[in-house]
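In case you want the letters, here they are:
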Amino acid sequence: MKRAIALAVVVAAAAVIAAWAEEAPVTVDSIVATVHNDIITLEDIRLEGDILRHNGLWFTQVEPPAEITPKLVFEEILARRLLYFQAVKMGFVDVPDSDLNEEAEAFRSSFSNLDEYRAWLRKFELRDEDVAISDLPAYASYPSIRQRFRQRLVIEQYLSKKIGIQIKIGLSDYFEEHRAALVAAHPGDTPEHLRELARRQFYLERLQAHLLELRAQTTVVILRAEFR
């Protein structure tokens, strides 16, 4: 049954890809998974992995991992797709321009200079509205990287309501329950830093529980064994 479902998803994805071929050609072999009617490709994983190396902004990790593997990146992308779908469903769609501009500027500043950033945009065929590339005629038609930043900010807004309240109410009890383990794992750290570590850990636990709920409500088919 699972194999039949996976085959049906591949066929459906191939039809979607054919319809999109003029804008963004994708081969069926590059499809890693489908989430609802959305696809995740190997190209998505390569791009997102590079973005994460630059900004270090993960939802699924307490701290950026020492080694950014394709599977970790895939899990981050899958989590973001699930969270974004839910955020939009719940009406979290507006992002202040000031926040979006700040996010874009922070990402640009992760490069040593604008020339390096322009080379990166060329490599991944992305467009930044605030950075011109005059010798690239196709540049204006490239997807905007700001859309990725907007989606992340939408998710943050949603999670601040969905999980942030739980953390605010339960953090003190969680910290006391896990204080001994935190002290043993981080000897010499200040109480303030230990409390921040507890907050991140508590937040991640609540987030993972929420992702399991969303996953149970969503059709997710992972087609490549190395990402299961």
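To be clear, the structure that these remarks concern was listed above.
Residues numbered from 1 in each chain as written. Predicted model: local features only at pLDDT ≥ 70, side-chain atom pairs only at ≥ 80, totals over all residues. Heavy atoms only, no water.

### Observations concerning the packing of helix H6 (residues 146-162) against helix H7 (residues 164-185)
Logical step 1: Running from N to C, H6 and H7 cross one another at 40°; their axes reach a closest spacing of 3 Å. Taken together, H6 and H7 sit at an angle that is classed as oblique. The residues of H7 that touch H6, namely those facing Leu159, Ser160, Lys161 and Lys162, are Gly164, Ile165 and Gln166.
Logical step 2: For the contact of H6 with H7, the per-class residue count stands at two nonpolar, three polar and two charged. (Axes fitted to C-alpha atoms, helices over the stretch in contact; angles between N-to-C directions. Helix = DSSP H or I, 4+ residues; strand = E, 2+ residues; numbered from the N terminus. Parallel < 35°, antiparallel > 145°, perpendicular 65-115°, else oblique. Contact = heavy atoms within 4.5 Å. Nonpolar A, V, L, I, M, F, W, Y, C, P; charged D, E, K, R; others polar.)

### A look at the pairing of strand E1 (residues 31-35)
Walk down a regular strand and you will see the side chains alternate between the two sheet faces.
Logical step 1: Of all five residues that make up E1, five are buried, and the element is covered over most of its length.
Logical step 2: Relative to strand E2 (residues 38-41), E1 runs antiparallel, the two being bridged by four bridges. The residue bridging isoleucine 31 from the neighbouring strand is threonine 41, located in E2.
Logical step 3: With antiparallel pairing between neighbouring strands as the criterion, E1 and E2 make up a hairpin whose turn holds two residues, including histidine 36 at a positive phi of roughly 55°.
Logical step 4: In this structure, E1 lies alongside strand E3 (residues 220-222), joined through three bridges in antiparallel fashion. Within E3, the position partnered with threonine 34 by the bridge is valine 221. (Buried < 20%, exposed > 50% of the residue type's maximum accessible area, 1.4 Å probe, protein only. Pairing = 2+ DSSP bridges.)

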